[in-house]
Amino acid sequence: MAKTKKKAKGSGSQSSTHHHHQDSSTSHSIFKNSPVHDLLHNFEKAPDQWAARYVLVMTAILLRAAIGLGGYSGKATPPMFGDFEAQRHWMELTIHLPISQWYWFDLQYWGLDYPPLTAYHSYIIGKIGSFINPDWFSLNASRGIEGSDIKFFMRFMSLVSELVLYIPAVLTLANLMGKKFNLSRMDQIIISLLTINQAHLVLIDHGHFQFNSVMLGFFIYAMIELINSSYVIASVWFIGCINFKQMGLYYSTFIFVFILSQLKSFGQLVGVGVTVILSQAVVLSPFISDPKQALQILYRVFPFNRGLFEDKVANFWCTTNVLVKYREIVAPQTLSKMALITTVLSILPMNILLFIKLRKTKNVIPGLIYGFAGNSLAFYLFSFQVHEKSILIPLVPSTLLLLVDPSLIDIVQWINNVGTFSLYPLLKKDDLVLQYFVSNFLINWLIGRKLLMKSRSMVWDLIIKGSYLSLVVYHIIDYTSDPPARYPDLWVILNISISFAAFALFWLWLNFRIYKLKV
Amino acid sequence: MSAPANNEKTKVAVSSKVTTEAPNYAVRVKKYSLFNIWVISLTLKVLLVIGYHSTDFDVHRNWLAITNKLPVSEWYLEKTSQWTLDYPPFFAYFEWILSQFIPKFVRDDGCLDVVEVGNYGMPTVYFQRLTVIVSEIVLFLSLQWYMDSSKTHDSSRRSFVAAASLSLSPGILIIDHIHFQYNGLLYGFLVLAIVSAKLEKYLMCGFWFALLLCFKHIYLYLAPAVFIYLLRAYCLNLEFNSKKSALNNILGLVKWGNLLTLGSVVIAVFVVAFGPFVYYNEIPDVLSRLFPFSRGLTHAYWAPNVWAIYSFFDRLLIQVYNRIPLSQFPLQKIFQFDPKLLKDSKLVNSSTRGIVGDIEFLILPTITPKLTFLLTLFYQIMALIPLFLQPNFRRFVGALTLCGYSSFLFGWHVHEKAILIVIFPMTFLVSQDKRLLGPFNLLVTCGYVSLFPLIFTCNEWLVKVVFTLLWYIIFHFNFRKVVRLPKKLEGQSGIIVDRVINLYILGLIPMMTITTLMDIFEHKFEILKKLEFLKLMIYSVYCGIGIISSWNGFSWLYFLDEAIWDIEA
């Protein structure tokens with residue numbers, strides 16, 4: 001016994017060399033009593049933290065693999081199927097057709113309507129898939145193919161894409177912010193875990209089926225470089241982001257404002273400008289020789305001839321459409337102009353404020369994250385042709401606010417919950433109800449009731465608890481009864497109204513926080 | 001990293017400014033709880049509900065139907081489906097109880113139809129999966145009880161790691177929540193028996209073990225250890241009292257009162273279980289269901305045990321015989337087999353010849369059930385001798401482990417799933433001494449990986465592989481942190497052995513990668529289809545060698561190292 005005691009002491013003095021690491025990890029964390037802390041605290045000490053990262057990444061994989069057992073968009077619904085088939089179809093067409101036909105092929109089916117990086121990504125995955133089983137991607141013959149092997153292959157590729165980009169990006173950002181804001185390692189790990197495992201992204205990418213994590217990964221890497229003040233590299237990452245999915249443009253106004261506010265010389269501006277143009281040219285290079293091709297991409301990627309919004313989405317236009325039937329009283333062209341003007345008006349005040357504040361302050365990071373959250377949410381709420389899935393774009397920077405101030409956890413998780421809730425009608429169609437409830441339960445349980453319901457102020461208590469109550473009521477109504485035959489969309493409209501109210505309040509709060517931001 | 005001594009301990013000691021030899025941490029025992037682990041694993045299990053399940057699902061559905069629809073007297077006679085009831089009566093009662101809770105929409109789904117092949121939909125799946133999840137709470141409660149029984153801070157931490165590793169066992173996840181069985185419940189009872197033994201509640205130990213036997217008779221393999229332990233620790237008194245007469249001493253050898261109470265408890269359990277069938281005069285029918293000796297030595301996929309290696313050598317010799325003409329004469333001389341059989345391609349190519357015919361081995365001598373039984377018994381008795389001489393809790397758990405090992409390694413028609421019978425008891429021991437970690441790591445990795453072929457659907461592939469890997473990283477790491485160091489430091493040889501073990505475990509990764517690649521490219525290259533059996537053989541031979549080595553390592557420590565087993569020291 002005496003010997004082991006000596007050993008214990010010995011190890012104590014050994015580990016004291018790591019003490020400067022440990023000090024920060026033992027500092028008070030607001031997650032102290034949450035289940036997520038309880039589960040991870042075994043890895044709290046500095047020498048053990050490598051294991052915590054493995055655990056984090058592998059639990060993320062596990063969650064995605066388990067969610068992936070469920071249904072996907074358009075399963076067994078010929079003739080058009082859904083997003084799963086769209087993605088698979090792009091792999092099929094890119095590997096079989098010359099590049100000049102990519103944006104022209106059978107537009108009536110699932111014609112390619114994402115920017116070139118998605119096309120290249122599809123090409124690579126299609127090549128790998130064809131190597132394993134050519135039937136999965138044989139031209140035309142493979143349309144609507146279903147089966148556990150192709151499903152698993154696609155899911156696996158979505159997972160790999162996320163593992164390569166999004167997850168390392170979040171971990172790197174958390175690490176970087178941890179240093180800047182003196183966050184303990186434990187908090188960094190917990191916040192990364194909460195960011196990575198938010199129900200909406202997992203359900204959309206690995207349930208419904210899409211590759212949003214690639215775009216979001218590019219975005220976070222751009223943000224990391226902005227924090228590092230390397231604007232040239234940041235713009236390369238950002239070009240990657242918008243060239244993977246055009247929805248990345250929701251971030252574009254603010255990245256422009258931010259870089260502009262930080263530039264010290266005209267030369268820098270030229271440097272960034274040239275980089276943007278050059279990298280965009282590189283992405284487009286296979287198409288650039290023929291102006292018709294470039295125009296076709298533009299036309300496919302920005303379908304201005306489509307409606308004000310698609311399906312039902314919890315933004316300003318779709319929600320108020322219940323009261324004012326825009327499409328009956330205004331011409332489509334005017335509508336798109338209206339949307340443009342509203343969007344510009346909605347982002348103008350916060351960007352002016354941020355520009356002034358960012359020029360003055362030394363600590364630009366809070367402004368950076370608030371700016372991305374506020375701008376992208378404004379785009380979601382007011383711009384033209386918004387999809388319900390686009391809510392993922394404002395939710396990522398909103399969640400990253402935790403890295404600036406972990407005590408915002410109640411508000412951040414609240415908006416994430418509402419965001420997932422706004423996707424419920426879509427997920428229900430995809431047969432992902434079980435997965436929806438489980439993943440929502442998981443993330444909220446990990447944080448714990450004490451943090452989610454902590455009291456902040458009367459108004460916030462009312463907002464947060466009120467909207468949780470309405471979510472619960474909605475699910476009870478949805479479970480127990482069908483909507484009346486005259487209004488088959490009534491439940492969906494109820495859903496988007498609740499969601500819109502919450503998004504709008506959150507957006508106002510973001511504006512307020514930006515206004516209050518200390519210089 | 002170098003000294004896995006308790007970090008918590010140093011922290012507490014430092015914070016309370018106790019720098020001398022007067023630590024006060026033993027007073028405050030931190031309470032650990034499995035609740036959060038239960039919740040988080042629950043979410044995964046619920047997500048797996050809709051995933052792949054094996055024919056065992058229909059087996060249990062059929063039992064629900066039989067017990068619900070038929071009178072008790074027909075339970076063990078009914079044979080509409082090939083999945084006849086072949087578990088002992090308590091399991092049948094358990095199914096009957098479950099069947100009372102089936103709501104109407106599940107009944108309408110075909111859950112309770114006594115038919116040849118079940119015709120059921122998602123409601124039945126949800127219901128039955130839910131019963132597994134709910135009944136598994138027994139395992140969590142029993143492990144929580146085990147943790148609560150620790151008296152010091154250190155032992156509390158050690159028991160927490162052990163309990164957490166069992167409650168998150170990939171074996172339970174794969175077998176119960178993907179494949180479909182009720183091992184969580186059954187191993188919960190085993191843990192209850194083990195914890196009772198730890199607390200010296202011998203009657204309870206006997207009760208829980210008897211109950212377990214009446215749920216599933218595979219645990220008979222552990223019965224010798226339980227029997228000897230309870231006999232020696234509770235019913236015998238071997239201390240010679242020189243003041244009394246020789247006759248009194250001989251009579252005093254047996255604690256008659258204890259023997260009688262324990263005996264009546266155990267018999268009472270068995271009477272409750274088998275009583276109705278005695279009444280209906282159906283005991284022979286029940287027994288013939290429970291012990292079907294008509295099956296072959298090895299299961300369709302060889303469990304990674306001695307017979308897998310034996311079969312592998314038989315196949316190897318067939319190839320040698322067919323390809324090297326020079327070898328034919330000596331092989332023929334040594335093994336004296338019938339060379340005509342080797343010409344029969346149907347026999348040579350079948351995976352388990354026991355199903356095709358009576359001959360399982362073409363060159364090596366045939367193995368009879370009697371031989372396997374004798375081998376199992378021999379190794380079990382060897383393990384029981386030290387237990388009889390030193391009837392303490394650690395010896396008991398060690399003997400349980402070795403009984404499990406010998407039944408798994410030498411038994412007749414062993415399933416790969418039976419590896420849990422070794423892993424469960426051994427987990428209670430492993431944190432007692434660092435030298436046990438090597439055999440333990442080999443056992444769990446090879447044991448759990450050998451379960452992979454059970455789940456062959458591609459969508460569950462990631463779940464089983466990542467979960468097992470994650471489990472191993474977490475617990476490899478945590479066991480190393482809490483394990484006790486041996487008093488005398490290991491020599492160079494110990495370190496080398498550890499390295500070899502770790503290398504062997506790492507070798508599982510290329511092994512799995514190769515077999516998975518063979519799976520993936522199966523329909524691309526015709527030849528891979530023919531090698532279907534090779535894949536399974538790689539699994540069982542690689543894992544088999546690992547498990548046999550871990551048995552050797554554990555036996556070595558069990559028989560030759562006194563320090564681990566002496567509780568007082």
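These numbers come from a predicted model, not from an experiment.

1. Section: the overall build of chain B
In step 1: Looking only at helices and strands, chain B has 27 helices and 0 strands in total.
In step 2: Burial analysis of chain B (569 residues in total) assigns 57% to the buried set.
In step 3: In chain B, once contacts between residues fewer than 6 apart in sequence are set aside, the share between residues at least 24 apart is 78%.
In step 4: For chain B, the accessible area works out to roughly 25200 Å², and carbon and sulfur atoms hold 67% of it.

2. Examining the overall build of chain A
In step 1: The helix and strand inventory of chain A stands at 26 helices and 0 strands.
In step 2: With respect to the principal axes defined by its C-alpha atoms, chain A has extents near 80 × 65 × 55 Å.
In step 3: In chain A, which comprises 519 residues, the proportion classed as buried is 60%.
In step 4: For chain A, the proportion of contacts with a sequence separation of at least 24, taken over those separated by at least 6, is 78%.
In step 5: For chain A, the exposed surface amounts to about 21200 Å²; the carbon and sulfur share of it is 67%.

3. Digging into the nonpolar core
In step 1: Membership of the largest hydrophobic core comes to 365 residues, with the highest contact counts inside it found for Ile220, Tyr380 and Trp414 of chain A together with Phe209 and Tyr405 of chain B.
In step 2: Ranked by residues supplied to this core, first place goes to helix α24 (residues 458–482) of chain B with 14 residues.
In step 3: Both of domain 1 (298–366) and domain 2 (369–566) of chain B provide at least three residues apiece to this core.
In step 4: Once residues within four sequence positions are removed from consideration, Tyr405 of chain B is found in contact with Val422, Met426, Leu443, Ile547, Ser550, Trp551 and Phe554 of chain B.

4. Some thoughts on the domain arrangement of chain B
All names here are of chain B.
In step 1: Per the domain assignment, the segments making up chain B are domain 1 (298–366) and domain 2 (369–566).
In step 2: Contact residues are listed per partner, giving 16 residues for domain 1 and 24 residues for domain 2.
In step 3: Of the roughly 1800 Å² buried between domain 1 and domain 2 on both sides combined, carbon and sulfur atoms contribute 75%.
In step 4: On inspection of domain 1 and its partner domain 2, the count reaches 0 salt bridges.
In step 5: Tallied by class, residues from the side of domain 1 that touches domain 2 come to 10 nonpolar, 4 polar and 2 charged.

5. Description of the environment of Phe91 of chain B
All names here are of chain B.
In step 1: Its place among the elements puts Phe91 in helix α4 (residues 89–100).
In step 2: Sequence separation between Phe91 and Leu213 is 122 residues; the distance between their C-alpha atoms is 9.8 Å.
In step 3: Setting aside its immediate chain neighbours within four residues, Phe91 contacts His60, Trp63, Tyr182, Leu186, Cys214 and Phe215.

6. Thoughts on the packing of aromatic side chains
In step 1: This structure, assessed with the given rule, holds 90 aromatic pairs over all chains.
In step 2: Pairing Trp414 of chain A with Trp460 of chain A gives two aromatic rings, centres 5.5 Å apart and planes at 80°, and the pair type is edge-to-face. Within this pair, whereas Trp414 of chain A is found in helix α21 (residues 409–422), its partner Trp460 of chain A is found in helix α25 (residues 458–480), the two being separated by 46 residues in sequence. Of the two residues examined, Trp414 of chain A and Trp460 of chain A, each falls in the buried class.
In step 3: A centroid spacing of 5.1 Å and a plane angle of 75° characterise the contact between Phe378 of chain B and Tyr379 of chain B, whose relative ring orientation is edge-to-face.
In step 4: Take Phe378 of chain B: its relative accessible area is 45%, and that puts it in the partly exposed class.

7. Section: helix α6 (residues 122–135) of chain B
In step 1: Under the 1.5 Å per step criterion, the end-to-end length of α6 of chain B is 20 Å for 14 residues, consistent within 8% with the ideal 20 Å.
In step 2: Within α6 of chain B, the full set of buried residues consists of Thr124, Val125, Phe127, Gln128, Arg129, Thr131, Val132, Ile133 and Ser135 of chain B.

8. A few points about the side chain of Thr320 of chain A
In step 1: In this fold, Thr320 of chain A is placed in helix α16 (residues 316–320).
In step 2: Overall, Thr320 of chain A belongs to the buried group, its relative accessible area being 17%.

9. Some words on the environment of Phe211 of chain A
All names here are of chain A.
In step 1: Positionally, Phe211 belongs in the loop between α10 (199–209) and α11 (212–227).
In step 2: Residue Phe211 is classed as buried on the basis of its relative accessible area, which comes to 3%.
In step 3: As a C-alpha pair, Phe211 and Leu201 span 10 residues in sequence and 9.7 Å in three-dimensional space.
In step 4: Once you skip the residues sitting within four places of it in the chain, Phe211 turns out to touch Gln87, Met91, His121, Ile125, Met157, Ser158, Ser161, Asp205 and Phe244.

10. Remarks on the pattern of salt bridges
Two side chains bearing opposite charge may form a pair once their charged atoms approach each other closely.
In step 1: Counted under the stated rule, the structure contains 18 salt bridges over all chains.
In step 2: A salt bridge links Arg61 of chain B to Asp58 of chain B, with the shortest nitrogen-to-oxygen separation between them at 2.8 Å. Residue Arg61 of chain B and its partner Asp58 of chain B are both found in helix α3 (residues 56–69); the two are separated by 3 residues, about one turn of the helix. You'll find Arg61 of chain B and Asp58 of chain B in the same group, each marked buried.
In step 3: Connected via shared salt-bridge partners are Glu85, Arg88 and Glu92 of chain A.

11. Topic: unusual backbone geometry
In step 1: Omega for the bond connecting Pro78 of chain A with Pro79 of chain A falls within 30 degrees of zero, at 5°, which places this linkage in the cis form.
In step 2: Its location among the elements puts Pro79 of chain A in the loop between α4 (49–67) and α5 (83–96).
In step 3: Of note, the phi angle at Gln385 of chain A is positive, near 60°, even though the residue is not glycine.
In step 4: Locating Gln385 of chain A in the fold gives a position in the loop between α19 (365–382) and α20 (392–404).
In step 5: For Phe180 of chain B, which is not glycine, the phi dihedral falls at a positive 100°.
In step 6: Tracing the backbone shows Phe180 of chain B in the loop between α9 (170–179) and α10 (183–198).
In step 7: Exposure remark for Phe180 of chain B: the relative accessible area of 0% places this residue in the buried category.

12. Overview of the confidence of the model for chain A
In step 1: Taken as a whole, chain A shows an average pLDDT of 91; of its residues, 95% reach a score of 70 or greater.
In step 2: Here residues 1–26 of chain A is modelled with pLDDT under 50, and outside its nearest four sequence neighbours on either side it reaches 27 contacts, counting other chains as well.

Cut-offs applied
Numbers given for residues are sequential positions, taken from 1 along each chain in its written order. Working convention: letters from A go to chains and numbers from 1 go to ligands, in the order in which they are written. It should be noted that, the model being predicted, local features are given only for residues of pLDDT at least 70 and side-chain atom pairs only at 80 or more, the latter also being counted only at that level, while totals for whole chains, interfaces and linings use all residues. Water and hydrogen atoms play no part in the side-chain values, which are based on all heavy atoms of the structure. Under the DSSP-based scheme used, a helix requires at least four consecutive residues in state H or I and a strand at least two consecutive residues in state E, with every element numbered from the N terminus. A simple rule labels every residue: compare its accessible area, found with a 1.4 Å probe on the protein chains alone, to the largest value its type can have, and call it buried under 20%, exposed over 50%, or partly exposed in between. Should any heavy atoms of two residues lie within 4.5 Å, those residues are counted as being in contact. All accessible-area figures derive from a Shrake-Rupley calculation using a 1.4 Å probe, and residue coverage is judged against the displayed protein chains alone. The definition of a nonpolar core used throughout is a set of buried Ala, Val, Leu, Ile, Met, Phe, Trp, Tyr and Cys residues joined through side-chain atoms within 4.5 Å. By convention here, the domain bounds are inherited from an automatic or database domain assignment. Once two parts are put together, the accessible area they lose, assessed with a 1.4 Å probe and summed over both, is termed the buried area. Any Lys or Arg side-chain nitrogen found within 4 Å of a carboxyl oxygen on Asp or Glu counts as a salt bridge. Any residue outside Ala, Val, Leu, Ile, Met, Phe, Trp, Tyr, Cys, Pro, Asp, Glu, Lys and Arg is labelled polar, Gly included; the first ten of those are nonpolar and the last four are charged. Any two rings among Phe, Tyr and Trp, with Trp reduced to its six-membered ring, count as a pair given centres within 6.5 Å; such a pair is stacked if its planes are under 30 degrees apart, edge-to-face if over 60, and tilted if neither. Take the residue count of a helix, subtract one, and multiply by 1.5 Å to get its expected span. Residue-level confidence of the predictor, termed pLDDT, takes values from 0 up to 100.

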